Structures are given as structure tokens and as C-alpha cells.
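Commentary on secondary and tertiary structure
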Amino acid sequence: MTSESKRSRKVLVLQGGGALGAYQAGGYEILTKAGYLPDYVAGISIGAINAAIIAGNRPEHQVERLRAFWERVSSGNPGMRFLSDFAGGLVPRQYLNAMSAGHIVASGAPGFFELRVPPPYMLPAGSPAALSYYDTAPLRDTLLELVDFDILNSGNVRFAVGAVNVRTGNQIYFDNTERTIRPEHIMASGALPPGFPHVEIDGEPYWDGGIVSNTPLQYVLDNHDRHTDSLVFQFDLFSARGETPQSVWDVESREKDIRFSSRTRYTTDRVSELIRARAAMHRLYERLPADLRDSDDVRLLMQASHPGRMTIVHLIHRPAVHELSSRDYEFSRRSMLEHWNAGAVDARYALHHRKFIERKSMHEDLVVVDATADLPKP
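What counts as what
- Each chain has its residues counted from 1, following the order in which its sequence is written.
- Thresholds applied to this predicted model are a pLDDT of at least 70 for local features of residues and 80 or more for the giving and counting of side-chain atom pairs; totals over whole chains, interfaces and linings are not thresholded and use all residues.
- To get the side-chain values, take all heavy atoms of the structure and skip hydrogens and water.
- The distinction between a cavity and a pocket rests on a 1 Å grid over the protein atoms alone: a 1.4 Å probe fits inside a cavity but cannot get out, while a pocket stays open yet meets protein on both sides within 12 Å along at least five of seven lines, and a residue with an atom within 4 Å of a point counts as lining.
- Grid points are joined across faces, edges and corners, and a volume is the space filled by probe spheres set on the points.
- Charged residues are taken to be Asp, Glu, Lys and Arg, nonpolar residues to be Ala, Val, Leu, Ile, Met, Phe, Trp, Tyr, Cys and Pro, and polar residues to be all remaining types, Gly included.
- Helix axes are fitted to C-alpha atoms over the stretch in contact, other axes to C-alpha atoms as well, and angles between N-to-C directions run from 0 to 180 degrees.
- Elements are defined by DSSP. Helices are runs of H or I of four residues or more, strands are runs of E of two residues or more, and each kind is numbered from the N terminus.
- Should an angle fall under 35 degrees it is called roughly parallel, over 145 degrees roughly antiparallel, and 65 to 115 degrees roughly perpendicular, with every other angle called oblique.
- Each crossing gets its hand from how the near helix is turned against the far one by less than a right angle, where anticlockwise is left-handed and clockwise is right-handed.
- Contacts: residue pairs with any heavy atoms within 4.5 Å of one another.
- For the exposure calls, accessible area comes from a 1.4 Å probe over protein chains only, and a residue counts as buried if that area is under 20% of its type's maximum, exposed if over 50%, partly exposed in between.
- Think of the arc as the fan of directions from the helix axis to the C-beta atoms.
- Here is the rule: rings of Phe, Tyr and Trp (six-membered ring for Trp) pair when centre to centre is within 6.5 Å. Planes less than 30 degrees apart are stacked, more than 60 are edge-to-face, and the remainder are tilted.
- Both a distance and an angle decide whether a charge sits over a ring: NZ of Lys or CZ of Arg must be within 6 Å of the ring centre and within 35 degrees of the ring normal.

**Considering empty space enclosed by the protein**
Summed over all chains, the structure comprises three cavities of 30 Å³ or more. Each pocket or cavity is described by its volume, and for the second largest cavity that value is around 40 Å³. Lining of the second largest cavity is provided by Phe112, Thr136, Leu139, Met187, Gly190, Ala191, Phe196, Pro197 and Val199. The residue inventory of the lining of the second largest cavity, partitioned by class, reads seven nonpolar, two polar and no charged.

**Here's the deal with the packing of helix 1 (residues 22-33) against helix 3 (residues 59-73)**
Think of two packed helices as two axes; the pair is described by the angle between the axes and how far apart they sit. Packing of helix 1 against helix 3 brings their axes to within 10 Å, and their N-to-C directions diverge by 160°. As summarised for this structure, helix 1 and helix 3 are arranged roughly antiparallel, according to the angle between their axes. Crossing geometry of helix 1 relative to helix 3 is assigned as left-handed. Contact residues: helix 1 offers Ala22, Ala25, Tyr28, Glu29 and Thr32, while helix 3 offers Gln62, Val63, Leu66, Arg67 and Trp70. A per-class count over the contact of helix 1 with helix 3 returns six nonpolar, two polar and two charged.

**Examining helix 6 (residues 137-146)**
Pro138, Leu139, Thr142, Leu143 and Leu146 are the residues of helix 6 that are buried. End-on, the buried residues of helix 6 take up no more than an arc of 135°, which puts them together on one face. Residues of helix 6 that are buried in the fold lie against helix 2 (46-55), helix 3, strand 4 (113-115), strand 5 (134-135), helix 7 (149-152) and helix 8 (183-189).

**Quick word on the packing of aromatic side chains**
Aromatic ring pairs are described here by two measures, namely the spacing of the ring centres and the angle between the planes. The full count for this structure, using the stated rule, is 14 aromatic pairs. On the numbers, 5.1 Å between centres and 70° between planes, the contact of phenylalanine 112 with phenylalanine 113 is edge-to-face. Comparing phenylalanine 112 with phenylalanine 113 shows no difference in burial state: the two are buried. Judged by relative accessible area, which is 6%, phenylalanine 112 ranks as buried. The structure contains a cluster of three or more aromatic residues connected by ring pairs, namely Phe69, Trp70, Phe112, Phe113, Tyr134, Phe196 and Phe331. Directly above the ring of tyrosine 40 sits arginine 158, whose terminal nitrogen or CZ lies 5.0 Å from the centroid.

Right, dumping it as C-alpha cells:
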């Protein structure tokens, strides 16, 4: 979906959003069936876990391992599964979701996190167990089982995940082109406080990267090869667009959407400005006389110039009417499958309009397409 004039790179950008991350996995399954295998995967929080499973497995095993992860974390509370499967219309779906989320709060998600007993506020300050409500040790075991870290660190696929230094408040990216990635780097990207404890790496404590920015798109741009066209599939789990709330429950849900999508929207706008400005600088350079091209000022500007085009296909999870503000920690099997299927539907729709996107990308330096809002309707 990019121009043929330069080398092209396929990039996968995965936002944070807890239980909604199954949407990314379902969408990725459809992309792989269409032959889309990324050269570069970047993620935050749950997006970091999905990214690690993708970059840390051979293509033929990626979807299988994604499915294994999502089936594991949604396998808790058989009683809730029975009620959800057989209650039918007897119990409103909102109540089922609320009960499922309550169960997660009370116990945790298998293979991901478990409730601390006793609770942290009953432990002495400074104790590692006093810093969070849940223990994420199960996630480390799951990552070691489902991610081949030799493959992840081989460099065949570039991999980067964002975290925040607790002491400085600065965001940092753990990139396999710069360091050897371990389970701790992925866990740090998803260490959302106060639910999860910070993760110490090389003597520094790190929290979830979504505290600063819930999308790694800016990092991808900053590390964009100047002579490469990029096709970016960006999977976001919170939608900036939505209806005016009609109840206090809607207010809480809508506020969460706006809060976690706002940085994504801001970053996408800044990317648009930068890509177009950099491309304009490159075109202007081509028209300069030789003596000006060699000047120090022009050389400095050209370090930031950028002839490569970028196409961003934006796939955004939009909640169903029965989903509550707890949807990012509601790990029921039924909801997981719905999110997986929603991602598949949106990815399939985007691929159906591949030629439309390709035509736009041939004539513009940057194309940003919301796959469910901007593409032609039947």
C-alpha cells in the first residue's frame, strides 16, 4: 500500500488496553492470511505482549501463540463461563460483563496476574509486595513459554516496547537493535500501577509506557528510515470518537476512551505535520543550487528531511453497546472472542479497500486512514 519508488517497510503499531488486546490479535490473524508480515513491531502495555509474541515466533507459529495467550488469560472462573454461555437473554449482558470484571478484580487472570494475599496496605512500606494489588509473576512464566527470545533478539523483526522510568518520569523504549530483550522489558511496558508492581531493569524502576503515551507511533516516526516508504497498521484499543453519554456509567466509559486515545490523536496529528514538512524540505533541496546544498545550515536541515512516504491504516476498537468502563480488565472468554472477531472484521474491511489506499499513497507523502470511518462504504 505504499509507492513502488523506494524500499518499503511494513510496521505494526499496537496500543495498550488490557483485555481489549484480543482485537489486535484477531486483526493480525487476517493480515497474516493476506501475506502481511511486519518488519517492525512496536507496542505499549498489552500491545507489548502481543508484539513480543509476534516478533518472538516464526510466522507459521505467531497466530497460534497469540491464540494460546488469549485463551489462557480468558480461561478463569468456569462458573462465569457457564453462566455466560447458557444464561441467554435471562441475564442482561452488561450484568454478565460486570460480574466477570468483578471476578478478575477479586482473583486475577490466569497466566497473567494474581491477587496479592495479604493485600499491599497490610504490608510494611518498602516491601516489594506492598507496591501493587497484583503479582505479575505468572506473566513472566507465560512469556518464557510463548516467546522464543532467541528469535525475538535475532533482529529479523525490529521490536520496541515503551515504558516509563518511575524516578525520572521519562519514557524509554526497549529496542532489540540496541539491547537484548528479556521478559522483564515486556513486563515493564505493561506494569500499570497501582495494580501491577514496577519492574526493575539495570537498577532502574519502570512502569507502563501508557502513563506517558499509549501509542508507540512517535517512536516509529523518530526511527523512520529516510529512504524507505512505510506501511503502518496501527491498532488502537480506545476510540477518540464516540456518542454523548446518556448515563453516569456511559460517562465513565467515555472518559476512559478520551483519556487513553488523546495522546494517540495528538501523535498522529504531529506525525502528519512532520512527514509533510520533511518531504517538502527534501523537494526544496532538489531545487537548490549546488553552493547552497553544501552549506552547513542546509546540511543540518537535511538531516531531518525525509523523502520516504508513510501510509497509516488506523484500526480502532469501538466498544459494543453492552461493554462497560471495565472492558479493559474484563477477561471473559466470550468478550475475548468478540474482541478477536471485531479486529478480524476491521482488518478484513481495510484489506478489501487495499487498492483505494494504494492510489492515495501514490500521490501523497502521508496517508492516514481510519479503516472503519474513512474508507468507501458499500
